[in-house]
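Residues per chain are reported as follows:
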Amino acid sequence: GQQVMQIPQYQHVQEGEDFTTYCNSSTTLSNIQWYKQRPGGHPVFLIQLVKSGEVKKQKRLTFQFGEAKKNSSLHITATQTTDVGTYFCAISSGNTGKLIFGQGTTLQVKP
Amino acid sequence: KAGVTQTPRYLIKTRGQQVTLSCSPISGHRSVSWYQQTPGQGLQFLFEYFSETQRNKGNFPGRFSGRQFSNSRSEMNVSTLELGDSALYLCASSSLRGGPSEQYFGPGTRLTVT
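Note that the coordinates shown come from a computational prediction; the quantities given were computed from them, not determined experimentally.

What counts, and where the lines are drawn
Residues numbered from 1 in each chain as written. Chains lettered and ligands numbered in written order. Predicted model: local features only at pLDDT ≥ 70, side-chain atom pairs only at ≥ 80, totals over all residues. Heavy atoms only, no water. Disulfide = S-S within 2.5 Å. Helix = DSSP H or I, 4+ residues; strand = E, 2+ residues; numbered from the N terminus. Buried < 20%, exposed > 50% of the residue type's maximum accessible area, 1.4 Å probe, protein only. Polar contact = N/O pair within 3.5 Å; in protein donor to acceptor, adjacent residues only side chain to side chain. Contact = heavy atoms within 4.5 Å. Buried area = accessible area lost by both parts, 1.4 Å probe. Salt bridge = Lys/Arg side-chain N within 4 Å of Asp/Glu carboxyl O. Phe/Tyr/Trp six-rings, centres within 6.5 Å; stacked < 30°, edge-to-face > 60°. Lys NZ or Arg CZ within 6 Å of the ring centre and 35° of its normal.

(A) Looking closely at the state of the cysteines. Summed over all chains, the structure comprises two disulfides over all chains. The disulfide that involves A:Cys23 links it to A:Cys89, with 1.8 Å between the sulfurs. An S-S torsion of about -95 degrees defines the bridge between A:Cys23 and A:Cys89 as left-handed. Here A:Cys89 lies in strand E9 (residues 85-92) and A:Cys23 lies in strand E3 (residues 19-24), a separation of 66 residues in the sequence. Under the relative-accessibility criterion, A:Cys89 is labelled buried at 0%. B:Cys23 shares a disulfide with B:Cys91; S-S distance 1.7 Å. Here B:Cys23, found in strand E3 (residues 19-24), pairs with B:Cys91, found in strand E9 (residues 87-94); they are 68 residues apart in sequence, far enough to count as distant.

Put into structure tokens, the structure is as follows:
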């Protein structure tokens, strides 16, 4: 079945540094979604990308979908302590509610 | 709109017992999916229900089952509990109007099997 690999597994940064997490698939994806899960919380939807080469920004967060639609990245500029959590990419299976999640990248930010 | 609710929030069971977890989706959402989250395996898809029918199933043994009611509320059941079933069980709902869309997750049920 479809799989998506996410790296790195963990990232520790100093507040103010940038952070990037990557998701890669061996097959072409129809779309990719990103979620954030705070410690002790549940996943919260951030964004969905559907077009080849798509770039979307949400304040300090930049999301990219690769030209071949096989990879995606989430970049956070000038991290803050509020960015702490685990970031997941996820791919959907057709027009259904089934999501296949990457392993997640846990971000720790030192103040 | 009220968010996705799950009950109970915490549960402690003994090996061999069975458990039923409940999920109430956002009003108007017909798709309800269940996920198991563990430190070792991450977020794994269990099954999805849409209009009272199981539409997708993940790679879990038959001890894991679910159902959806006409009001879209869903339950999942785990029989003959094993220690490895200890996990956070998350339910998510989505409208799916116009294609794949964001899923709204509930707070989860933390199940501990002793």
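(B) Region of the structure containing the side chain of B:Ser74. Residue and element names in this part refer to chain B. Mapped onto the elements, Ser74 comes out in strand E8 (residues 74-78). Looking at Ser74, the relative accessible area reads 0%, which means it is buried. Within polar-contact distance, the side chain of Ser74 engages the side chain of Trp34 at 2.9 Å. A distance of 2.9 Å separates a polar atom in the side chain of Ser74 from the backbone oxygen of Arg67. Ignoring any residue separated from it by four or fewer positions in sequence, one finds Ser74 in contact with Leu21, Ser22, Cys23, Val32, Trp34, Tyr49, Arg67 and Gln68.

(C) Structural view of the interface of chain B and chain A. Taken together, the contact between chain B and chain A spans 21 residues of the former and 17 residues of the latter. For the chain B and chain A pair, buried surface summed over both sides reaches about 1,500 Å², with 56% attributable to carbon and sulfur atoms. Considering only the surface of chain B that becomes buried against chain A, B:Leu43, B:Pro100 and B:Phe105 emerge as the three largest contributors, covering 36% of it. Where chain B packs against chain A, one counts zero salt bridges. Within the residue set of the side of chain B that touches chain A, elements represented by two or more residues are strand E4 (31-38), strand E5 (42-50), strand E6 (53-57) and E9 of chain B. Sort the elements by how many residues they give to the side of chain B that touches chain A and E4(B) lands first, with four residues.

(D) The arrangement of the packing of aromatic side chains in detail. Enumeration over the complete set of coordinates arrives at 11 aromatic pairs over all chains. Pairing A:Tyr35 with A:Phe45 gives two aromatic rings, centres 5.6 Å apart and planes at 75 degrees, and the pair type is edge-to-face. Taken together, the positions of A:Tyr35 in strand E4 (residues 32-37) and A:Phe45 in strand E5 (residues 44-49) put the pair 10 residues apart, joining distant regions of the chain. Judged by its relative accessible area of 19%, A:Phe45 falls in the buried class. With relative accessibility at 0%, the residue A:Tyr35 sits in the buried group. Lying over the aromatic face of B:Phe50, B:Arg55 brings its terminal NZ or CZ to 4.3 Å of the ring centre.

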